[in-house]
Amino acid sequence: MILVAGGTGTTGTHLVRLLRARGENVRVLTRKPSRASHLEGVEVVVGDVRDADVVRRAATGVGTVVSLVQGFAGPGEISLESIDRDGNRNLFNAASEAGVEHGILASIAWAAPDSRMDLAQMKFAAEEHLKSTGMAWTILRPSCLMETWTNMIGEPLLKTGKTTVYGHGRRATNFVSALDLARFADLAVVDPALRGQTIQVGGPNMTFNQFVEEFAVAAGVEPKAAHLPLPVMRVMQYAMRPFNLVMARHVQMGVVIHTRDTSFDAGPTRSRFPGIPVTSLREVVAAELAVRDAPALAQGPRNLAENSAVAGAPRG
């Protein structure tokens, strides 16, 4: 049995389908059972990682637990501390106590204890706790999820004909598709060689200006964008917190991306795993638009807004 915490979001939907295609028994932990209606042949446990009793029940009889949870987009009590740090601690403690053999964590490429990005600090704490449990472990460190930014940048472009880019948009960062992250997680489930490894999962480097242009080409719209100045962003990352915490977190990530080098060469990792293709932004946009325009069937997240994620925060 494979337990996927955060199995109903964009990355989770891809992963569950990959696991089920191989005939794996899958249990999904989700706060809202209706969000799992598009997943076929899975067992659903209702609750979240903040509840120690729920995660103990979810971990019973499990061989591998995969954490794709994130509090990046959550308001109020759903926070980076309560989900990405403490929730993962609950999950991996319960898994260890239940005799689970292997834990897999979707972290973030820039996880560090002294990061200027709150998410990176919380993910690093979760990594360290997983390593301390005594279970075999695999840590996946994805870069910015394309699906997160197709929502942040692409949705306004489709709705209003114009979008907003954080900063000047000329500094490159690394992007990766949630599908690629799911493929790495799927491989980590079945390949013992990935245990005890921290794997940086990346894709192409591009600037946000290039991101807008690529999205516009794929969507068939004009790449019109305004730019939010960096001094304004520095203030907004704190001033917005009492009013719109999710937006404040996105702005903080934008500040980090535009003040440090968040690009890297994904080639060495990709060459180790040639069976996992590199999904392009145009492919991601085409796939999301196809789902968005399809009839209202139970297909999982059905539009760009529902596909929002961190990213880098990986959304579960």
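As the structure is a prediction and not an experimental result, all values here were calculated from the model. (Residues numbered from 1 in each chain as written. Predicted model: local features only at pLDDT ≥ 70, side-chain atom pairs only at ≥ 80, totals over all residues. Heavy atoms only, no water.)

Asks: If you had to explain the pairing of strand β1 (residues 2-5) to someone new, which residues and values would you point to?
Replies: Residue alternation in β1 divides its side chains into two sets, Ile2 and Val4 and Leu3 and Ala5, and both sets are buried. Relative to strand β2 (residues 26-30), β1 runs parallel, the two being bridged by four bridges. Considered in β2, the bridge of valine 4 is made with valine 28. Following the backbone out of β1, through helix α1 (residues 10-21) and into the adjacent parallel β2, one traces a crossover that is right-handed. Both β1 and strand β4 (residues 64-67) contribute to a ladder of four bridges, which runs parallel. Looking at the pairing, valine 4 lines up with valine 66 of β4. (Buried < 20%, exposed > 50% of the residue type's maximum accessible area, 1.4 Å probe, protein only. Helix = DSSP H or I, 4+ residues; strand = E, 2+ residues; numbered from the N terminus. Pairing = 2+ DSSP bridges. Right-handed = clockwise from strand over helix to strand, strands pointing away.)

Asks: If you had to explain the pattern of salt bridges to someone new, which residues and values would you point to?
Replies: Close approach of charged atoms allows side chains of opposite charge to pair. Tallied over the entire structure, the rule returns 16 salt bridges. Across the salt bridge formed by aspartate 53 and arginine 56, the nearest N and O atoms sit 2.2 Å from each other. On the criterion of helical spacing, the pair formed by aspartate 53 and arginine 56 is a turn pair, its members being three residues apart in helix α2 (residues 52-59). Between glutamate 155 and lysine 159 there is a salt bridge; the shortest N-O distance is 3.5 Å. Remark: lysine 159 and glutamate 155 occur in helix α5 (residues 146-160); sequence separation between them is four residues, near one turn of the helix. Take glutamate 155: its relative accessible area is 8%, and that puts it in the buried class. The class of lysine 159 is exposed, set by a relative accessible area of 60%. Each of Arg22, Glu24 and Asp186 takes part in one network of salt bridges that share partners. (Salt bridge = Lys/Arg side-chain N within 4 Å of Asp/Glu carboxyl O.)

Asks: A description of the nonpolar core should follow, citing residues and the corresponding values.
Replies: Residues Ile108, Trp149, Phe175 and Met253 are the most contacted members of the largest nonpolar core, which totals 39 residues. Elements that contribute at least two residues to this core include exactly α4 (118-132), α5, β8 (163-166), α7 (208-219), α8 (230-239), α9 (245-259) and α11 (281-293). Membership of the second largest hydrophobic core comes to 29 residues, among which are Val16, Leu140, Leu194 and Ile276. (Core = buried A, V, L, I, M, F, W, Y, C linked by side-chain atoms within 4.5 Å.)

Asks: I'd like to hear about the sheet that holds strand β10 (residues 197-201), residue by residue, with values.
Replies: As summarised here, the arrangement of the seven strands in space is β3-β2-β1-β4-β5-β6-β10, forming an open sheet in which the pairing is parallel. Looking at which strands have only one partner, the edges of the open sheet turn out to be β3 (43-46) and β10. Shown here is a sheet whose adjacent strand axes are inclined to one another by a mean of 15°, direction ignored. (Axes fitted to C-alpha atoms, helices over the stretch in contact; angles between N-to-C directions.)

Asks: Account for the environment of arginine 116, with residues named and values stated.
Replies: Topologically, arginine 116 is positioned in the loop between β5 (102-106) and α4. Measuring from C-alpha to C-alpha, the distance between arginine 116 and methionine 240 comes to 17 Å, with 124 residues separating the pair along the chain. With near-sequence residues (within four places) excluded, arginine 116 lies in contact with Gln252, Val256, Thr259 and Arg260. Side-chain polar atoms of arginine 116 contact the side chain of threonine 259, separated by 3.4 Å. (Contact = heavy atoms within 4.5 Å. Polar contact = N/O pair within 3.5 Å; in protein donor to acceptor, adjacent residues only side chain to side chain.)

Asks: Lay out the packing of aromatic side chains with the relevant residues and their values.
Replies: Applying the stated criterion across every chain, the model contains six aromatic pairs. Ring geometry for phenylalanine 175 and phenylalanine 211: centres 5.0 Å apart, planes at 40°, overall tilted. One end of the pair, phenylalanine 175, is in strand β9 (residues 173-176); the other, phenylalanine 211, is in helix α7, with 36 residues separating them in the sequence. Each member of the pair phenylalanine 175 and phenylalanine 211 is classed as buried. Aromatic pair phenylalanine 184 and phenylalanine 273: ring centres 5.4 Å apart, planes at 75°, arrangement edge-to-face. Taken together, the residues span a long stretch of sequence, with phenylalanine 184 in helix α6 (residues 178-190) and phenylalanine 273 in the loop between α10 (267-272) and α11 at a distance of 89 residues. Its relative accessible area of 8% is what places phenylalanine 273 among the buried residues. An aromatic cluster of three or more residues is present, and its members are Trp149, Tyr166, Phe175, Phe208 and Phe211. Over the ring of tryptophan 137 we find lysine 131, and its NZ or CZ is 5.1 Å from the ring centre. (Phe/Tyr/Trp six-rings, centres within 6.5 Å; stacked < 30°, edge-to-face > 60°. Lys NZ or Arg CZ within 6 Å of the ring centre and 35° of its normal.)

Asks: Please provide a residue-by-residue account of α1, values included.
Replies: Look at α1: 17 Å from first C-alpha to last across 12 residues, which is about the 16 Å you get at 1.5 Å a residue. Listed in full, the buried residues belonging to α1 are Thr10, Thr11, Gly12, Thr13, Leu15, Val16 and Leu19. Phi turns positive one or two residues past the end of α1, at glycine 23, with a value near 85°. (Expected span 1.5 Å × (residues − 1).)

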